[in-house]
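# Structural overview for review
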Amino acid sequence: MAGVGEVRVEESLRVKIGEAKNLPANSGSPRNTFCAIRLDLEEIYRTTTVEKSLDPYFGEEFAGEIPKKFRTLSVLLYEVVSKSEKVLGKVSIKKDELYKYHQKEHWFPLAPSDAESDVQGKVHLEIRFDEYLSSEPDFYSSHRMAVRVVECSDLMVVNGACNPYAVVVLSWGKLRHKEVKRTVVRKKTICPQFDDVFCFDLNNKGQNHDRNIYSFDDIYEGELSVSLWHDDSKVSREVLGHMFRGSFLGEVKILLRDLDLSTVHTAWYCLQAREMSNKLQPLEDLGSIRLKISYTADYVFESHYYHDLRELLLASADVKPVSSSAAFLLGEIADTQQEAAQPLVRLFVHYEKILPFIRSLADWEMSHMTDPNTLFRGNTLLSKMLDELMKLVGLPYLHDTLRAFIDNVCDEPKSCEIDSTRIKDGENHDQNLENLKSYVKSALEAITASGLVCPTLLRDVFCVLKEMALKHYPDNPNVRYHAITSFIFLRFFAPAILGPRLFELRSEAQDPVVVRALTLISKAITSLANIVTSKSANFGLKEEYMVPLLDALSTEATRESIKMFLDIISATGAYAKNIEAPITLKEGLMIKRAQGRKRLGLKNFKKRYFCLTNQFISYAKSKLDKPLCVIPVEDVLAVERLQEDSFRMKYMFQVVQKQRALYVQASNCVEEKEWLDILTKVCKSNKNRLKEFHPAAFINSHWLCCKSVDPNAKGCSPVTGGVPVTDIQVDIDPDRELEKIHSLFLAHMDKLDALQACMKSGNDVCGSQVVYAGVSEELRPSIYVEDPQTCFQTVSELQKCVVSLEQEHKQYLRMVQRSTVIGSREAPIGDDSCGFPFGSKSHL
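Numbering of residues begins from 1 in every chain and follows the order in which that chain's sequence is written. Given that this is a predicted model, residues contribute local features only at a pLDDT of at least 70 and side-chain atom pairs are listed and counted only at 80 or more, while totals for whole chains, interfaces and linings are drawn from all residues. Calculated side-chain values reflect all of the structure's heavy atoms, with hydrogen atoms and water omitted.

### Looking at the overall build of the protein chain
Selection criterion: In this description a helix means any DSSP run of H or I spanning at least four residues, a strand means any run of E spanning at least two, and both kinds are numbered starting from the N terminus. Each residue is placed in one exposure class: buried if its accessible area under a 1.4 Å probe, protein chains only, is under 20% of its type's maximum, exposed if it is over 50%, and partly exposed if it falls in between. Any two residues whose heavy atoms approach within 4.5 Å are treated as being in contact.
In terms of regular secondary structure, the protein chain is built from 18 helices and 28 strands. Out of the 844 residues in the protein chain, the part that is buried amounts to 50%. Within the protein chain, contacts between residues separated by at least 24 positions form 69% of all contacts whose residues are at least 6 apart in sequence.

What follows is the structure in structure tokens.
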């Protein structure tokens, strides 16, 4: 059984903010509004501002990890007035109630927001009752209560500061007699250490004949209140003698009858809002907002607990047919394919099993397709996994490719409207068309030039897709391009251009002119990508106004540049050499220094014809001659400029290999830059790429740059370009992904049970067909069973894995409940989410 310290609790949150409706008008006028998401009092996300609307549509989503504990999730609706922001209303949900709304869209009424309803933090108190000798002549002894305010933690910051102090109030009796005490102010801290003790005398009611009988009924019915305040007024402190208490930070109310007076009571308490704030009712209808909230708390065990489930999932690529595999079945039973694809992709990438599984899925999907034109256009497990994979490993590549272009469109907007029904007065159609042409050309140039820096894993995946397309549709050569454009253009570049905020290319909202321009550019890019899959320029557009633009751009040169881009991103990698001939990227005459010469002279430099492909760089005496030297691309360790002092020659660069460097001189600075750029891109994905190099040559038995006499000495300067986007590693927690997968299987266990029951009822030994005899309609699963025998075996193994792992969860949660001390710092009194882990309800 896992111990408390062996289990990690990883929390994540996804909030989709849809729209608001029925907002009250501001003096009869619409409002400019935006939404903000807060965990307790910390804002973690805000939407763009929607102008002049009482029914604003936001359509934005936040998704991220939760790095610290929280008690309340709030969504606040703000109005922007001039340069100020005013809260119109809010939705607050306690953490332990989030499960009620998990993955469901819901309309929430907006409630008013006041400063004293927003609190956070906790306070540590110690309370004891003592009997002591009284100095009064009529009483031999009396009682008193001692209250010690020990410390506070995580208090609220008010206007950038927190100068806290505590007010302790004891009230009792029918007249609610009160006695008030207060601590000193602790300045500039949200975790003040007070350690102040206050004593309250509690006189007994005994008479002369019963002096030792004490009656404290009034005290027992009394209440102790400890409130925290921020001392934010210098005038109040220094002039008015603390007449104004300052800003309210929260309070704790304790009924004395709930305490054991015979022992010392010590506990942490969560600060609460004032009771009057909680009961505040809206004076008017503030409107409502539509939200979709998903909160998960994953209890991640150590790796060995997931061994059986991990092995079963990773073996999915070897299961025949793949539709009977554990990973495929997860996609079938989950509410959405996307829900299953996210953890599966991360798991398979971490264990380097993604390519075999993608191959199996693509092979299976293509074998069930009759029309290649619809290939990968549906929402299947394969398409969703590739969507997730492109986001997981492709975002740096996307940013490297499109950020400069997107910034140019957004920062210097030009009207691109070519729909005659939408052109504004004063705009010129022909000028708008030219603006749009220029933008589309720039976008296409940026994309097609980026093929060489496409992440290695994506290139290998596209290579697999191309291979499968050629296997299943050998008579249709264009289908290999269709298989790739379905993802790289339709699901990656075009959506990123359309919504740059969703792909983290821009952080702010764009004005309508920019939004319309990006929409038209995205449409054009998608249509141009489709021209490589058909001989005719039939773009399939419903908008006739787009036809002149596409006719002007869909040239043979455009078609060839897109084809070369698709060939490059699908032919470089481990699978490329056995599929087709190398792709020529650049060629031309340059001067090279002869290899292995010791003496320096003109005879050491020769003019040669260089050819660079995606697989090798070579040179020969002329274009038609046999190459004198061929260097595989994977053997190139670095490509850098060479200092002019080395040979007293300009425009020289070096191609560094393991044993030596090839020194080459271009004809001019433009040629040098072009060769350096393309060579660097080709070699950036090499796993053995150097981090340092020698910027000068090794001449006369020493390096001219660092003077080292060792020809194999480590480089003395860092290579240019930093870490390439192809080498960026993704940080994946495989155990957490397995926990997510376990939770998905557990949530849909009824579907697995129904599937197994159906197969049993069809044939006890799982024959070639599933017959649903004797199974009620509501239990019949809508899952395609291709091979009942292998599917039945997989389902049985899944049930064992899920049930076994769930037993571990139950034992762990029981242990947590037994070991949780209510009133401790980790489980303060008043925190409903403590003492019973959130999310564990699904396990019990």
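Let us keep going from here.
### Notes on the environment of threonine 263
Relative to the helices and strands, threonine 263 resides in the loop between β15 (247-255) and β16 (265-270). Residues threonine 263 and phenylalanine 129, spaced 134 residues apart in sequence, show a C-alpha to C-alpha distance of 7.9 Å.

### Thoughts on the pairing of strand β3 (residues 42-46)
Cut-off, in case you're wondering: One bridge is not enough; two strands pair if DSSP finds at least two bridges between them.
Looking at chain direction, strand β2 (residues 31-39) and β3 are connected through four bridges and run antiparallel. Its bridge partner being in β3, alanine 36 is matched across the sheet by arginine 46. If you look at the hairpin formed by β2 and β3, you'll find two residues sitting between the two strands, and aspartate 40 has a positive phi there, around 55°.

### Quick look at the sheet that holds strand β21 (residues 629-632)
Using the following cut-off: For helices, the fitted axis covers only the stretch in contact; all axes are lines through C-alpha atoms, and the angles between them, taken along N-to-C directions, range from 0 to 180 degrees.
Across the sheet, seven strands lie side by side as β21-β20-β19-β18-β24-β23-β22; this open sheet has antiparallel pairing. Single-partner strands in this sheet number two, and they are β21 and β22 (638-641). Direction aside, neighbouring strands of the sheet carry axes that sit 30° apart on average. Sheet contacts for helix α15 (residues 669-683): β18 (584-593), β19 (605-613), β20 (616-620), β22 and β23 (652-656); angle to β18, the most-contacted strand, approximately 120°.

### With respect to the pairing of strand β6 (residues 72-81)
For β6, the buried fraction is high: seven of the ten residues fall into the buried class. Relative to β6, β2 is paired through seven bridges, and the arrangement is antiparallel. From the neighbouring strand, isoleucine 37 faces β6, where its bridge partner is valine 75. Between β6 and strand β7 (residues 84-94), which pair antiparallel and follow one another directly, the connecting turn spans two residues, one of which, serine 82, has a positive phi of 55°.

### A word on the side chain of glutamate 151
Where we set the bar: What qualifies as a polar contact is a pair of N or O atoms within 3.5 Å, subject to a donor-acceptor requirement within protein and to the restriction that residues adjacent in sequence count only when both atoms come from side chains.
Tracing the backbone shows glutamate 151 in strand β10 (residues 141-153). Residue classification places glutamate 151 among the buried positions, given a relative accessible area of 13%. Polar side-chain contacts of glutamate 151 include one of 2.8 Å to the side chain of glutamine 193.

### Some thoughts on the confidence of the model for the protein chain
In low-pLDDT regions, the fine details of the predicted coordinates are not to be read closely. Under the convention used in this document: One number per residue, pLDDT, summarises how confident the predictor is, and it ranges from 0 to 100.
On average, residues of the protein chain carry a pLDDT of 83, and 84% of them reach 70 or more. This model gives residues 763-781 a pLDDT under 50, and the stretch forms 30 contacts once residues within four places in sequence are excluded.

### Things to note about the packing of aromatic side chains
Under the convention used in this document: Only Phe, Tyr and Trp rings take part, Trp by its six-membered ring, and two of them pair if their centres are within 6.5 Å. Stacked means planes under 30 degrees apart, edge-to-face means over 60, and tilted covers everything else. Charges are assigned to positions over rings by a cutoff of 6 Å between ring centre and Lys NZ or Arg CZ, combined with an angular limit of 35 degrees from the ring normal.
Enumeration according to the criterion identifies 21 aromatic pairs in this entry. With centroids separated by 5.8 Å and ring planes inclined at 85°, the aromatic side chains of phenylalanine 70 and tyrosine 295 adopt a geometry described as edge-to-face. Separated by 225 residues along the polypeptide, phenylalanine 70 in the loop between β5 (57-65) and β6 and tyrosine 295 in strand β17 (residues 288-300) bring together distant segments of the chain. Between the aromatic rings of tyrosine 397 and phenylalanine 493, the centroid separation amounts to 6.0 Å while the plane-to-plane angle is 65°, which identifies the pairing as edge-to-face. Within this pair, whereas tyrosine 397 is found in helix α8 (residues 381-411), its partner phenylalanine 493 is found in helix α11 (residues 479-498), the two being separated by 96 residues in sequence. On the accessibility criterion, tyrosine 397 (0% relative accessible area) is buried. Accessibility expressed as a relative area gives 0% for phenylalanine 493, which makes it buried. Linked through ring pairs, Tyr397, Phe489, Phe492, Phe493 and Phe565 together constitute an aromatic cluster. Taking NZ or CZ as reference, lysine 21 lies 4.2 Å from the ring centre of tryptophan 107, over its face.

### So, the environment of asparagine 614
Assignment of secondary structure puts asparagine 614 in the loop between β19 and β20. Looking at asparagine 614, the relative accessible area reads 8%, which means it is buried. The sequence separation of asparagine 614 and proline 582 amounts to 32 residues, and the corresponding C-alpha distance is 6.2 Å.

### Some details on α11
How we decide: Bend angle per residue: angle between axes fitted to the 7 residues ending at that residue and the 7 residues starting there.
At threonine 485, α11 is bent by approximately 40°, the largest bend along its length. Burial analysis of α11 places 16 of its 20 residues in the buried class, which makes it a mostly covered element.

### Things to note about the environment of lysine 320
Within the element layout of this structure, lysine 320 appears in the loop between α4 (307-314) and α5 (326-333). Considered as a pair, lysine 320 and threonine 790 are 470 residues apart in the sequence and their alpha carbons are 7.8 Å apart. Here lysine 320 is in contact with Ser360, Asp787 and Thr790, once residues within four sequence places are set aside.

### What about the pattern of salt bridges?
Pairing between side chains of opposite charge can happen when their charged atoms approach one another. Note the following rule: A pair is scored as a salt bridge if a Lys or Arg side-chain nitrogen falls within 4 Å of a carboxyl oxygen belonging to Asp or Glu.
Tallying each qualifying case throughout the model produces 37 salt bridges. One salt bridge in this structure joins glutamate 19 and arginine 290, with 2.9 Å as the shortest N-O distance. Linking glutamate 19 in strand β1 (residues 8-21) with arginine 290 in strand β17, this pair joins segments that are 271 residues apart in sequence. For arginine 290, a relative accessible area of 16% translates into the label buried. Here glutamate 126 and arginine 148 are joined by a salt bridge, their closest N and O atoms 3.3 Å apart. On the criterion of sequence distance, the pair formed by glutamate 126 in strand β9 (residues 122-133) and arginine 148 in strand β10 is long-range, its members being 22 residues apart. Because the salt bridges share partners, they merge into one network encompassing Glu126, Arg128, Arg148 and Asp195.

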